[in-house]
Protein chains: 2
Amino acid sequence: MKDGRYHASNQQISTAYKIIDSNFKGDKMAKHSYTPVPFTSVKLNDRFWVPRININRTSTLEHEYDQCKKTGQIDAWDPKSTRNRHIFYDSDLAKWIEAAAYSLANFPDAEVEKRIDHVVDMMADLQMEDGYLNSYFINVDKTQRWKNLRDAHELYCAGHLMEAAVAYYQSTGKRKLLDVMCRYADYIDTTFGAEQGKIRGYCGHEEIELALVKLYHATKNEKYLKLAQYFVDERGAEPHYFDIEAKARGEDPQGFHFRNYEYCQAQVPLRTLNKVSGHAVRAMYIYCGMVDMAIETDDKTLMDACDRLWANLCEKNLYITGGIGQTANNEGFTFDYDLPNETAYAETCANIGLVFWSHRLLQLYCDGRYADVMERALYNGVISGVSLDGKTFFYGNPLESRGGYGRSEWFGCACCPPNIARLLASLGQYVYSVGGSEAMVHLYCQSEAQMTVNGGLLTLKQKTEYPWDGRVQITVDPPKDASEFTIKLRIPGWCRKAALRVNDKPVDLEGIVDKGYASIGRTWSAGDVITLELAMPVERVYTHPTVRQNFGYVALQRGPIVYCLEQADHAEDVWRIALPKTSELTTRFEKDVLGGVTLIEGSAMAASTEGWDHKLYGDEPKMTPCKIKAVPYCTWANRGADAMKIWLREM
Amino acid sequence: MKDGRYHASNQQISTAYKIIDSNFKGDKMAKHSYTPVPFTSVKLNDRFWVPRININRTSTLEHEYDQCKKTGQIDAWDPKSTRNRHIFYDSDLAKWIEAAAYSLANFPDAEVEKRIDHVVDMMADLQMEDGYLNSYFINVDKTQRWKNLRDAHELYCAGHLMEAAVAYYQSTGKRKLLDVMCRYADYIDTTFGAEQGKIRGYCGHEEIELALVKLYHATKNEKYLKLAQYFVDERGAEPHYFDIEAKARGEDPQGFHFRNYEYCQAQVPLRTLNKVSGHAVRAMYIYCGMVDMAIETDDKTLMDACDRLWANLCEKNLYITGGIGQTANNEGFTFDYDLPNETAYAETCANIGLVFWSHRLLQLYCDGRYADVMERALYNGVISGVSLDGKTFFYGNPLESRGGYGRSEWFGCACCPPNIARLLASLGQYVYSVGGSEAMVHLYCQSEAQMTVNGGLLTLKQKTEYPWDGRVQITVDPPKDASEFTIKLRIPGWCRKAALRVNDKPVDLEGIVDKGYASIGRTWSAGDVITLELAMPVERVYTHPTVRQNFGYVALQRGPIVYCLEQADHAEDVWRIALPKTSELTTRFEKDVLGGVTLIEGSAMAASTEGWDHKLYGDEPKMTPCKIKAVPYCTWANRGADAMKIWLREM
């Protein structure tokens, strides 16, 4: 672990947070918290994730690099380039570097390293004397530096570059980008703060807060943690910085396009937030930063705010797909119990942000409800964001489509493609956690993982066809001298009936399940086998009746997978299909469909347009029997930009 | 009829069109067309309309005048005024004058005339030497005259002033405003046209076309008809005038806020239109102009376009309320079979425009389907636009509300309030038509009307409690020397069972009903009584199954009245109420509720939130029995800005 590389050790390193230092002074909540097993210690070999991760490495990363070249995101670092530049270009390329770095950790690739090194050289060359680094403002107009924190994304770009720097350093041991970003962070630290003479501002698009905590963990330089703390503490304070800087620009603060600072979670101080609002990606990033800071500083006021926000999000604002953000208007939240389907925004980045936030809360609380939401997002609204071939992407992930909405190769604002790439390249980290004498299994997927329990090396080998089958077998290879410990297995919230055996002896779940986890504490021997059977029938899922959009409608879910009807599988207009309550639904695994998926089939009724020529209103349409075939939502629009529906009228 | 006043004769005068001259040379389609009996010849004495018309006269007109004063719409004509001005102020005040003028025709009022005369004096004083008259451009910037026809509403304002001038002249015989507007029209005629040296443009907001036809009828000056013809013919021609003038202003035509000229029905020449599009009020006004021109010039190509547009509107884009225009984005149409309820725009002005257009088509074709739509709009989406006290107004008329959406006293763009005032002040004209030896009854409402049939005076006396009861008794007082003629009674499209008697003898409807009208041709004697019984049970109405928003939903309609649930009448959240197919629905007239309405009552089921604490997804919500009480949609939001729903989930 001498240079902090991922592959220097496959233990105790987490990319999400608390990366190196788990004994930081003042980390008072550490006793309550767990550490994710890093993705470098988790070898996935399942049929669901591995193909996606491979495609991500072999196709997506290459495609994204090409797009960055093509659109000028790399040339943007060349001061001589005359190509279009954009204020958020740095962040997209940074996320690509971060994604590529994670990939390198498990799959070294000299060619990719060379590409990154080239970009890093350009960045280092462009960095200004004082440490400032932003390809847009340096090349377009240096005088506008820090003039519009509300809109200009400067600190946001800095944050993503910091994440990239930490990731590349940890994957390769190369310090150049890390050093560049430390210089930049040092300069930011001298520039922003509550002290006299500093700019008392913060970024309109949060991100730097969580990035600074990562930088702090990678460097142990407390300055970065304190800077993050400043940004978290200052946000939303009065007199409002965004008002002050708008006036300094000669603008009326009331002229802000989004009208109030809810858009960027700065309408009030963060500790007083009660309800999710505004731009969903920004919200997720700052909520992550709040958890990070709460852990570092044992700040209950921040955690209380997170608890309130979590409840509001998950009880009133979460799509069944794990998607968040109901409207494109603000790329974010509307109001409680409002879940429009066709116009759902549910940006891929926001859904990924929810994974980040859930994952952090899960480590802190080890409560299955966080894993449930993380799993819901991962298996549905996150990976719907990328095509099976890894080359096209959704920005928004609606729950219904009239057709004609397909994935794109790239976007003018290309935040989502590299975000999903970095998630997939580091996916293994979401599966397990450890904490003292406990090992936790959050997600079920065939894999082999190593982790430290009681100071010794534990190997867990999962065998499963999850998410298509609910049977999971875990073979335990415990540390030789520390074999008394607890394995906690998640009993997913979607599961109504679970059965557990250890070495083929049934274990009564009654009494050992707490907060969604079954705790098996015992003295383990090499070769012990845990078998978990999670009953996985097709579930008919309903929404809280206050959600007017889904009243009378039902969704099909099996295990963590949410299903949808696509037009391609139906002769009848999917918008005219209703599902009788009595319809029996059967499942069938089809290895040649959509990369291998379990389908749900059954009988339904379709409204006929017979007799409806030349009229819009009339007697009840005739319903005629039809068949339905539902496919996993995450695979939709891989056979053309078809009409699609998750919520079906039930009759 | 010597000075064209309404009250000089109560026959042969129509405010809608063909006002004076029914024998215009070249009117080749006249043989197919009918003439509305003017509102001055129709004395209404029913319980539905009379209270609304009285409130309109005694409260709305006064309120609107006060608002015009308060907001500076009258001061706008004073060049010395320093108050805010707006490009469409002239049109709002013009519509108020028109409304007041119609009211004066039946209810002379010296005080109101004085007010109008005062405004007319200001207008005359402001009129420029060349005839130009626009309070905004004369007072704000004369150099901008005609510089932006696409956006600046100049000819639109001119059109409304022409309508006002004709109405005031016909009501009072006073020519001053008519002369002012003729001068202005003369000047417009010298300015616009296909001839060399003239501006080859037309208005972005149609209206002047139909107004010029009215002016032509009032003055018999064919120049105005030809000018209308030019505007109709030129619209949408290439090279596109809006492109040309945008470039002349130094603007990129592609920068047009609404992206293409569908917004103002100018994307192609009018005769090639196939489908309704763009701003719904503009669409209705130009469609009216197209019918007017088609009648005057016997132009089948214009009528064919109108036929296509009508079919597209009524078969694919019409709300059950008679509202039109699905979205606020363009204040207009979206796409076929798209009928969002909560976000429906259905602007009061657009719905009124649909009445104007239907009424014109009805005269031409005498086909009940036009009367059906006219009636649907009048009894629902038009009068929903004004409160029962006549003092607050809806701009948009959505079909659902979560609450909090109430009527306003006025609007920054106050087109709707005076529009509904002019409609109500002239409502009688929609009830009857005449044509040669035929008298037609389109609407049923207690009234006494005089009209010319076979050159003699026919009096029809309707006795009915319509729309609350389907029984209609018509007493006939025929012209003495021309008593052989036909009375055509509309059998409404909503009616499944009608029975007819003449002098208590049953008349078989079989064979005498054509295109929605029962023709009773005979020699009439004074005191003959026709009795029509229109069965009026509560109907469950469904939408074409391609309309995804209403799939599985039902609306309640009785006679022409569309019903809704308002929160005020329900203990349960109306959004959680479902109506079983088997529920029996009863009706009850309540004279003290909402000005006297028939209520629909019955049993339903409400989804319970019991067991839904702290979760968003779960098992099917429990349904518990509840009662519903439906009120006429047109009366909603008169007891507070309640939640409201027309379409109910059916189970």
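A. Quick look at the overall build of chain A. Regarding its fold elements, chain A presents 14 helices and 24 strands. For 651 residues, the compact-globule estimate of 2.2 N^0.38 gives 26 Å, and chain A sits close to it at 25 Å. Out of the 651 residues belonging to chain A, those deemed buried represent 65%. Accessible area of chain A: about 22,400 Å², with a carbon and sulfur share of 48%. Here chain A contributes 75 positive and 86 negative side-chain charges, whose respective centroids are spaced 1 Å apart.

B. Quick look at the confidence of the model for chain A. Residue and element names in this part refer to chain A. Here chain A averages 94 in pLDDT, and 95% of its residues register 70 or above. Counting contacts from residues 7–31, a segment whose pLDDT is below 50, to residues more than four positions away or on other chains yields 74 contacts. Model confidence for the complex: the whole-complex pTM is 0.93, and ipTM, which rates the interface, is 0.94.

C. Here's a closer look at the relation of the copies chain A and chain B. After a rotation of 180° and a shift along the axis of 0.1 Å, chain A superposes on chain B with an RMSD of 0.0 Å. Between the two chains, the operation in question is that of a two-fold axis. When C-alpha positions in chain A are compared against the rotation axis, the closest is assigned to Met651(A), at 3.4 Å. Taken as a fraction of all interface residues of chain A, those also at the interface in chain B reach 100%, which identifies the copy contact as same-surface.

D. Geometry of the sheet that holds strand E5 (residues 438–441) of chain A. Residue and element names in this part refer to chain A. Ordered by their spatial adjacency, six strands build an open sheet running E1-E4-E5-E9-E13-E12, and the pairing between neighbours is mixed. Single-partner strands in this sheet number two, and they are strand E1 (35–36) and strand E12 (513–514). Across two bridges, E12 lies against strand E13 (residues 517–523) in antiparallel orientation. Paired with Val513 across the two strands is Ala518, which belongs to E13. Contacts between helix H13 (residues 368–382) and the sheet are confined to strand E9 (484–490) and E13, with E9 contributing the most and set at about 50° to the helix.

E. Just the packing of aromatic side chains, in detail. By the definition in use, this model includes 75 aromatic pairs over all chains. With centroids separated by 6.2 Å and ring planes inclined at 25°, the aromatic side chains of Trp146(B) and Tyr187(B) adopt a geometry described as stacked. Separated by 41 residues along the polypeptide, Trp146(B) in the loop between helix H4 (135–140) and helix H5 (154–172) and Tyr187(B) in helix H6 (residues 176–191) bring together distant segments of the chain. With relative accessibility at 7%, the residue Trp146(B) sits in the buried group. Given a relative accessible area of 12%, Tyr187(B) falls into the buried group. Members of the aromatic cluster, each reached through a chain of ring pairs, are Phe48(A), Trp49(A), Tyr379(A), Tyr444(A), Tyr466(A), Trp468(A), Trp494(A) and Phe589(A). Cation over ring: Arg57(A) sits above Phe107(A), and NZ or CZ is 3.7 Å from the ring centre.

F. Molecular detail of the sheet that holds strand E7 (residues 456–464) of chain B. All names here are of chain B. With antiparallel pairing, seven strands are arranged side by side in an open sheet as E2-E6-E7-E8-E14-E10-E11. The sheet is open, and its two borders are formed by strand E2 (42–44) and strand E11 (505–507), each paired with just one other strand. Adjacent strand axes in the sheet meet at a mean angle of 25°, parallel and antiparallel pairs treated alike. Bridge count for strand E8 (residues 471–477) against strand E14 (residues 528–534) is six bridges, and the pairing is antiparallel. For Gln473, the partnering residue across the bridge sits in E14 and is Thr531.

G. A look at the interface of chain A and chain B. Between chain A and chain B, the contact holds 46 residues from the first and 46 residues from the second. Summed over both sides, the interface of chain A with chain B buries roughly 3,800 Å², with 58% coming from carbon and sulfur. When the buried surface of chain A facing chain B is broken down by residue, Phe551(A), Leu616(A) and Tyr617(A) rank first, second and third, together holding 22% of it. The tally of links from chain A across to chain B stands at six salt bridges. Glu620(A) is paired through a salt bridge with Lys581(B); the nearest N and O atoms lie 2.6 Å apart.

Each value, and the rule that gives it
Residues numbered from 1 in each chain as written. Chains lettered and ligands numbered in written order. Predicted model: local features only at pLDDT ≥ 70, side-chain atom pairs only at ≥ 80, totals over all residues. Heavy atoms only, no water. Helix = DSSP H or I, 4+ residues; strand = E, 2+ residues; numbered from the N terminus. Rg over C-alpha atoms; globule rule 2.2 N^0.38 Å. Buried < 20%, exposed > 50% of the residue type's maximum accessible area, 1.4 Å probe, protein only. Areas by Shrake-Rupley, 256 points an atom, 1.4 Å probe, with all protein chains shown as cover. Lys, Arg positive; Asp, Glu negative; His and termini not counted. Charge placed at Lys NZ, Arg CZ, Asp CG, Glu CD. pLDDT = per-residue confidence, 0-100. Contact = heavy atoms within 4.5 Å. Least-squares fit on C-alpha atoms with pLDDT ≥ 70 in both. Pairing = 2+ DSSP bridges. Axes fitted to C-alpha atoms, helices over the stretch in contact; angles between N-to-C directions. Phe/Tyr/Trp six-rings, centres within 6.5 Å; stacked < 30°, edge-to-face > 60°. Lys NZ or Arg CZ within 6 Å of the ring centre and 35° of its normal. Buried area = accessible area lost by both parts, 1.4 Å probe. Salt bridge = Lys/Arg side-chain N within 4 Å of Asp/Glu carboxyl O.

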